[in-house]
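Per-entry structural report
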Amino acid sequence: MHQMTLAEIARGLADKKFSSEELTKVLLARITQLDPQLNSFISLTEELALEQAKAADARRANGESGALLGAPIAHKDLFCTQGIRTSCGSKMLDNFKAPYDATVVAKLAAAGAVTLGKTNMDEFAMGSANESSWYGAVKNPWNLEHVPGGSSGGSAAAVAARLLPAATATDTGGSIRQPAAFTNLTGLKPTYGRVSRWGMIAYASSLDQGGPLARTAEDCAILLQGMAGFDQNDSTSIDEPVPDYSASLGDSLQGLRIGVPKEYFSAGLDPRIAELIQNSIKELQKLGAVIKEISLPNMQHAIPAYYVIAPAEASSNLSRFDGVRFGHRCEQPKDLIDLYKRSRGEGFGPEVQRRIMVGAYALSAGYYDAYYLKAQKIRRLVKNDFMAAFNEVDIILGPTTPNPAWKLGAKNSDPVAAYLEDVYTITANLAGLPGLSMPAGFVDGLPVGVQLLAPYFQEGRLLNVAHQYQLNTDWHTRTPTGF
Ligand code: GLN
């Protein structure tokens, strides 16, 4: 039962082959049995799940239908869930029970999705390895000595290990696509503003975007359908109609123009990954796509710009966690300054503290123009590169990551080495574009992802290209041994 995709579950429930309650029990037992190896959950919500599953079964018995009605999922632990711990992977929020549901959580619950729990993540979504969580590192089910990617590593590891079919995640600089690549999943970061950020604990507000992690493009379409849409509670949410994503999965790729940036194949890329990317290009050519070399000349500046903008926004967003308004409070403070210092010093881990310091420095008088303003100018140049490219091509294709998943601890002493691994993903966040990662093969038994980028609001196009590819390849069906 645990091998089923969301699409298969929807068919099975509609045909009354099993109930949501039965399926939910099977998956909860599987999580209890297998997750100790992975550490992919921070909280399990068994009671809520069984209640939601029974309610979904009752709605089906009353004639209701819907692809998510009775479908088990989990939420990354930065989506606020009413009355349930929402920790953001941090000691700071270990005791925080959200007083309301995030819009994404509420929308999925209304569609009948069943919440099995809250997944582990890098602290405040800062990281690419899921090692900065206060609840401990998450392991990659493909090799337990390797990282699953981050920051949505818990969602990725759980879905890859078949503990559940799909989960929500967020992507500020790659945190949906990179863990998807590292664990052989399909993950979609939507256009900025497509999915509401209300109730999604902020890291860098101009970059953060929620989206689906699943095994197939078909399942990403189903989950995105339940997440997307205008929300008046989020001032950056965009009032654009939401298309039927599943309906966009039948288009032919005949004549589709795929741009391959020459900058993507530089020295930093593992040659074995480069070869797998070339293979995926050949596959898409067989399906009728036309390949064109393009250039994204400002890509080289994207990492430094991102690692100024994201920490700058984080330093401002995280100021609310002061032990007074929100978060952990130290014992017996001497005075107000001592309360702030010790509460934040005890509550935040080292990576979060590093980012707050970098961000506050970049925003301080005298350095603002040199760092923050300059980074914003680069951001515009990165966006302009994409706009020029999309005049010539329909999608852009390349690797999701320069290397496969590294060993746990391998980059702990050198944060910049980890930042450099984000080179292919962060440009989409800087420009606000949608991006998808899908399985494209293996290197040393570790999964490799190919990334597709599209113009604003063309999530349907990305999902369709990935779906056509998945109809003709079987990488996405491979299961890690032991799960
Ligand atoms: N690795 C990037 C960072 O640490 C991206 C994280 C994310 O997308 N949340 O900022």
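Residues numbered from 1 in each chain as written. Predicted model: local features only at pLDDT ≥ 70, side-chain atom pairs only at ≥ 80, totals over all residues. Heavy atoms only, no water.

As for the UniProt feature "active site" (unreviewed entry) in the chain
- Per the UniProt record, "active site" (unreviewed entry) is annotated on Lys76, Ser151 and Ser175. Their sequence span is 100 residues, while the largest C-alpha to C-alpha distance among them is just 11.0 Å; these annotated residues converge on one region.
- Positionally, lysine 76 belongs in strand β2 (residues 72–76).
- Along the chain, serine 175 falls in the loop between β4 (166–170) and α6 (177–183).
- In contact with serine 175, not counting residues within four places along its chain, are Lys76, Ala125, Gly127, Gly150, Ser151, Ser152 and Thr170.
- A polar contact of 3.3 Å, which involves the side chain of serine 175, links it to the backbone oxygen of glycine 150. (UniProt positions renumbered as here; feature names shortened; annotations may be inferred. Helix = DSSP H or I, 4+ residues; strand = E, 2+ residues; numbered from the N terminus. Contact = heavy atoms within 4.5 Å. Polar contact = N/O pair within 3.5 Å; in protein donor to acceptor, adjacent residues only side chain to side chain.)

Structural notes on the site of the ligand
- Taken together, 15 residues surround the ligand, and among them Ser128, Gly173, Ser175, Tyr203 and Tyr306 come closest.
- Separating an oxygen atom of the ligand from a backbone N or O atom of threonine 172 is a distance of 2.7 Å.
- Note that an oxygen atom of the ligand is positioned 3.3 Å from one of the backbone N or O atoms of glycine 174.
- Notes on the ligand: free accessible area 290 Å², of which the protein chains cover 99%. (Near = heavy atom within 4 Å. Areas by Shrake-Rupley, 256 points an atom, 1.4 Å probe, with all protein chains shown as cover.)

With respect to the sheet that holds strand β5 (residues 186–189)
- The sheet built from 11 strands is open, its strands ordered β1-β3-β2-β4-β6-β5-β10-β11-β9-β7-β8 with mixed pairing. At either margin of the open sheet sits one strand with a lone partner, and together these are β1 (41–44) and β8 (290–294). Sheet twist, expressed as the mean angle between neighbouring strand axes with direction ignored, is 30 degrees.
- The pairing of strand β7 (residues 257–261) with strand β9 (residues 395–399) spans two bridges and is parallel. From the neighbouring strand, glycine 259 faces β9, where its bridge partner is isoleucine 396.
- Along the sheet, helix α3 (residues 46–61) contacts β1 and β3 (114–119); its crossing angle with β3, the most-contacted strand, is approximately 155 degrees.
- Along the sheet, helix α15 (residues 459–472) contacts β5, β9, β10 (435–443) and β11 (446–453); its crossing angle with β10, the most-contacted strand, is approximately 25 degrees. (Pairing = 2+ DSSP bridges. Axes fitted to C-alpha atoms, helices over the stretch in contact; angles between N-to-C directions.)

Some points on the packing of helix α8 (residues 271–286) against α15
- The geometry of α8 relative to α15 is characterised by a closest axis approach of 10 Å and an angle of 95 degrees between their N-to-C directions. Judged by the angle between their axes, α8 and α15 are roughly perpendicular. Facing Ser280, Glu283 and Leu284 of α8, the residues of α15 in contact are Val465, Tyr469 and Asn472.
- A per-class count over the contact of α8 with α15 returns three nonpolar, two polar and one charged. (Parallel < 35°, antiparallel > 145°, perpendicular 65-115°, else oblique. Nonpolar A, V, L, I, M, F, W, Y, C, P; charged D, E, K, R; others polar.)

Details of helix α12 (residues 368–389)
- Relative to the 32 Å expected for 22 residues at 1.5 Å per residue, α12 spans 31 Å between its end C-alpha atoms, a close match to the ideal helical length.
- Among all positions in α12, only Tyr372, Ala375, Ile378, Arg379, Val382, Asp385, Phe386 and Ala389 are buried.
- Of the surrounding elements, those touching the buried residues of α12 are β8, α9 (302–317), α11 (350–363), β9, α14 (426–431) and β11. (Expected span 1.5 Å × (residues − 1). Buried < 20%, exposed > 50% of the residue type's maximum accessible area, 1.4 Å probe, protein only.)

A word on unusual backbone geometry
- Omega for the bond connecting glycine 150 with serine 151 falls within 30 degrees of zero, at 5 degrees, which places this linkage in the cis form.
- Relative to the assigned elements, serine 151 resides in the loop between β3 and α5 (153–160).
- Backbone geometry at phenylalanine 124 places phi at a positive 50 degrees, although glycine is not the residue there.
- Its place among the elements puts phenylalanine 124 in the loop between β3 and α5.

Here we look at α11
- Compared with an ideal rise of 1.5 Å per residue, which puts 14 residues at 20 Å, α11 spans 20 Å between its outermost C-alpha atoms and is within 8% of the ideal.
- For α11, every residue scored as buried is listed here: Glu351, Val352, Arg355, Ile356, Gly359 and Ala362. Relative to the axis of α11, the buried residues are bounded by an arc of 135 degrees and lie together on one face. Away from the buried face of α11 by more than 90 degrees, exposed residues Pro350 and Met357 are located. (Arc of directions from axis to C-beta.)

Comments concerning the UniProt feature "domain: Amidase" (unreviewed entry) in the chain
- Here the UniProt-annotated "domain: Amidase" (unreviewed entry) positions come out as residues 22–463.
- With 37% helix and 14% strand, residues 22–463 has its two end C-alpha atoms placed 30 Å apart.

Points about the packing of aromatic side chains
- Per the counting criterion, the structure on display carries 18 aromatic pairs.
- Ring-pair connections join several aromatic residues into one group, and the members of that group are Phe96, Phe124, Phe321, Phe326 and Phe348.
- The ring of tryptophan 406 has lysine 411 sitting right over it, with the charged end atom 5.0 Å from the ring centre. (Phe/Tyr/Trp six-rings, centres within 6.5 Å; stacked < 30°, edge-to-face > 60°. Lys NZ or Arg CZ within 6 Å of the ring centre and 35° of its normal.)

Some points on the nonpolar core
- Counting 104 residues, the largest nonpolar core has Phe124, Phe386, Ile396, Leu452 and Leu463 as its most contacted members.
- Sort the elements by how many residues they give to this core and α9 lands first, with nine residues.
- Residues in contact with leucine 463, not counting those within four places in the same chain, are Leu188, Ala217, Cys220, Ala221, Leu224, Tyr245, Leu249 and Leu436.
- Counting 32 residues, the second-largest nonpolar core is a separate cluster that includes Met4, Leu38, Ala53 and Ala180. (Core = buried A, V, L, I, M, F, W, Y, C linked by side-chain atoms within 4.5 Å.)

Re the pattern of salt bridges
- Under the counting rule described, the total for this entry stands at 20 salt bridges.
- The salt bridge partner of aspartate 15 is lysine 17, with a shortest N-O separation of 3.9 Å.
- Where aspartate 338 meets arginine 342, a salt bridge forms, and the shortest distance between an N and an O atom there is 3.0 Å. Placement of both aspartate 338 and arginine 342 in helix α10 (residues 336–347) is noted, with a separation of four residues, approximately one turn of the helix.
- Take arginine 342: its relative accessible area is 29%, and that puts it in the partly exposed class.
- Taken together, the shared-partner salt bridges in this structure form one network comprising Asp270, Arg272 and Asp444. (Salt bridge = Lys/Arg side-chain N within 4 Å of Asp/Glu carboxyl O.)

Observations regarding the side chain of glutamate 123
- Take glutamate 123: it is sitting in the loop between β3 and α5.
- Among buried Asp, Glu, Lys and Arg side chains, glutamate 123 stands out as unpaired, with lysine 91 the closest opposite charge at 9.8 Å.
- When neighbours within four sequence positions are excluded, glutamate 123 is seen to be in contact with Cys88, Gly89, Ser90, Ser132, Ser133, Gly347, Phe348, Gly349 and Val352. (Lys, Arg positive; Asp, Glu negative; His and termini not counted.)

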